[in-house]
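# An overview of the molecular structure
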Number of protein chains: 2
Amino acid sequence: MSPDLITRLKEAGIQPSAQRLAVAGYVLQTDAHPSADEVMSEVQANFPMLSRATVYNTLNLFVEKGLLRQLVLAEGKTVFDPCLEPHHHFIDEESGRIEDVPWDAVKVGDVKGLKGYEVHEYMVVMRGRKLGGSRMSKKR
Amino acid sequence: MSPDLITRLKEAGIQPSAQRLAVAGYVLQTDAHPSADEVMSEVQANFPMLSRATVYNTLNLFVEKGLLRQLVLAEGKTVFDPCLEPHHHFIDEESGRIEDVPWDAVKVGDVKGLKGYEVHEYMVVMRGRKLGGSRMSKKR
DNA sequence: GTCAAACTTTGGATTATGTCTAAATCCGAA
DNA sequence: TTCGGATTTAGACATAATCCAAAGTTTGAC
Ligand SMILES: [Mn+2]
Ligand SMILES: [Mn+2]
Ligand SMILES: [Zn+2]
Ligand SMILES: [Zn+2]
């Protein structure tokens, strides 16, 4: 489909196979933080020729090549985040849904100057309740 | 052993059985962040009559009763933290070891005032390299 | 003190996430 | 067209964690 995606994969040094494009079409463009299982379900809906092994292979490849970040924030499953810029995360305690919080929305002090540590990256992880539950935001 | 521990369990509404005291003796007093497996190994060294199921039962009970916090910060295993006060966490990228960072060591802005969210708790999660690797700190 | 009910522990089965392997398939270049 | 490396795949494997039902232990009413 999108020639943009083909270009992005190639630029990352990844052969754009049909399966990889199908996975990329979902996981590189979602604003959710899907688990491997969710990626497989979503992609298989439109592209059934996709095995579980390939989903894992592809997600791990994307992480390795820097197209995705892998996050472990909650019990039982690691999730994938296509947003590469630094940002924080809010976890809704009811639904488990993970939302991005812009970097500038939370001011964090002199982390990099912490004595005794060489901090390579950091984020604020928040848990609580999402307000304004009126507009139901379905997936995608 | 320690009557303090018996008291703590009772105050939390937990019957202080032998197994629970053995687990508590380690996990409520460590300054590490052990996984369930590590708890089992450590405790079984002095108290062999302890099954895997009981370790999980006990840790989950302690979490439920508020004696422990359960953290999921890295791939593959959840860990338990006896420090109940708010604090931040630093994860050494080489060893995977998790260290506590005092609440006041990092200034975080107006998280609780974040528009659209009701934040119940938050922490800064840092990843990087621990400096001053001279004094080897073994476990315990 | 007895004894039944409730609580606790336990081994083994079960589920779930993720990796590995080796064979089949695909695909681009010669 | 053909070859060889890359990709995909089913299923085996590994591991963390839960579930279950039986066995053991504690407790309290009597
Ligand atoms: Mn994102
Ligand atoms: Mn601690
Ligand atoms: Zn994110
Ligand atoms: Zn801690």
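Our subject is the structure that appears above.
What comes next concerns the included structure.

Scoring rules and cut-offs
- Residues numbered from 1 in each chain as written.
- Chains lettered and ligands numbered in written order.
- Predicted model: local features only at pLDDT ≥ 70, side-chain atom pairs only at ≥ 80, totals over all residues.
- Heavy atoms only, no water.
- Near = heavy atom within 4 Å.
- Polar contact = N/O pair within 3.5 Å; in protein donor to acceptor, adjacent residues only side chain to side chain.
- Helix = DSSP H or I, 4+ residues; strand = E, 2+ residues; numbered from the N terminus.
- Phe/Tyr/Trp six-rings, centres within 6.5 Å; stacked < 30°, edge-to-face > 60°.
- Buried < 20%, exposed > 50% of the residue type's maximum accessible area, 1.4 Å probe, protein only.
- Nonpolar A, V, L, I, M, F, W, Y, C, P; charged D, E, K, R; others polar.
- Least-squares fit on C-alpha atoms with pLDDT ≥ 70 in both.
- Contact = heavy atoms within 4.5 Å.
- Axes fitted to C-alpha atoms, helices over the stretch in contact; angles between N-to-C directions.
- Parallel < 35°, antiparallel > 145°, perpendicular 65-115°, else oblique.
- Left-handed = near helix turned anticlockwise from the far one by under 90°.
- Buried area = accessible area lost by both parts, 1.4 Å probe.
- Salt bridge = Lys/Arg side-chain N within 4 Å of Asp/Glu carboxyl O.
- Pairing = 2+ DSSP bridges.

### Digging into the protein's contact with DNA strand C
Around DNA strand C, a shell composed of 20 residues is seen, among which Arg52 of chain A together with Ser17, Arg20, Met49 and Thr54 of chain B lie nearest. Counted by atom, the contact set of DNA strand C within 4 Å of the protein is 73% sugar and phosphate. Thr54 of chain B is positioned with one of its side-chain polar atoms (N or O) 2.8 Å from a phosphate oxygen of DNA strand C. When contributions to the surface near DNA strand C are tallied by element, the ones reaching two or more residues are α3 (36-46), α4 (52-64) and β2 (77-81) of chain A together with α2 (18-27) and α4 (52-64) of chain B.

### A short note on the packing of aromatic side chains
A complete count under the given rule lists four aromatic pairs over all chains for this structure. Taking the centre distance of 4.3 Å and the plane angle of 45° together, the rings of Tyr117 of chain A and Phe90 of chain B count as tilted. Placement of the pair is Tyr117 of chain A in strand β5 (residues 117-130) and Phe90 of chain B in strand β3 (residues 87-92), with the two residues belonging to separate chains. Phe90 of chain B carries the same exposure label as Tyr117 of chain A, and that label is buried.

### Some words on the protein's contact with DNA strand D
Taken together, 19 residues surround DNA strand D, and among them Gln15, Ser17, Arg20, Met49 and Thr54 of chain A come closest. Counting only atoms of DNA strand D within 4 Å of the protein, the fraction found in sugar and phosphate groups is 75%. Within the backbone of Met49 of chain A, an N or O atom sits 2.9 Å from a phosphate oxygen of DNA strand D. Residue assignment for the surface near DNA strand D shows that the elements contributing at least two residues are α2 (18-27) and α4 of chain A together with α4 and β2 (77-81) of chain B. Partitioned by chemical class, the residues of the surface near DNA strand D number five nonpolar, nine polar and five charged.

### Quick look at the relation of the copies chain B and chain A
At an RMSD of 0.2 Å, chain B and chain A line up after a rotation of 179° and a shift of 0.1 Å along the axis. Accordingly, the operation relating the two chain copies is best matched by a two-fold axis. With an isologous cut-off of 70% or more, the 100% of interface residues of chain B that recur at the interface of chain A puts this contact in the isologous class.

### Some words on the packing of α2 of chain B against helix α3 (residues 36-46) of chain B
Residue and element names in this part refer to chain B. Two elements in contact, α2 and α3, have axes separated by 9 Å at closest approach and are oriented at 110°. Taken together, the axes of α2 and α3 lie roughly perpendicular to each other. α2 and α3 meet at a crossing whose hand is right-handed. Packed against α2, whose contacting residues are Ala22, Val23, Tyr26 and Val27, the element α3 presents Val39, Glu42 and Val43 at the interface. Its residues assigned to classes, the contact of α2 with α3 comprises six nonpolar, no polar and one charged.

### Thoughts on the interface of chain B and chain A
Listed as interface residues are 35 residues of chain B and, on the opposing side, 35 residues of chain A. Roughly 2800 Å² of surface becomes buried between chain B and chain A when both sides are summed, with 57% attributable to carbon and sulfur atoms. Looking only at chain B, the three residues that lose the most surface to chain A are Val72, Tyr117 and Glu118 of chain B, adding up to 21% of its buried area. Taken together, the links from chain B to chain A amount to four salt bridges. Linking chain B with chain A are 16 residue pairs in polar contact (both at pLDDT 80 or more). Looking at the side of chain B that touches chain A, the elements that each hand over two or more residues are β1 (69-74), β4 (98-102) and β5 (117-130) of chain B. At 14 residues, β5 of chain B tops the list of elements feeding residues into the side of chain B that touches chain A. Split by residue class, the side of chain B that touches chain A holds 18 nonpolar, six polar and 11 charged. In this structure, β5 of chain A lies alongside β5 of chain B, joined through 13 bridges in antiparallel fashion. Bridge pairing in β5 of chain B places Glu121 of chain A opposite Arg127 of chain B.

### Focus: the environment of Arg20 of chain A
All names here are of chain A. Along the chain, the position of Arg20 falls in helix α2. For Arg20, a relative accessible area of 26% corresponds to the partly exposed category. Beyond its immediate sequence surroundings of up to four residues, Arg20 is in contact with Leu9, Ile14, Gln15, Thr58, Leu61 and Phe62. Here Gln15 takes part through its backbone oxygen, which lies 3.1 Å from a polar atom of the side chain of Arg20.

So yeah, pure geometry; function would need other evidence.
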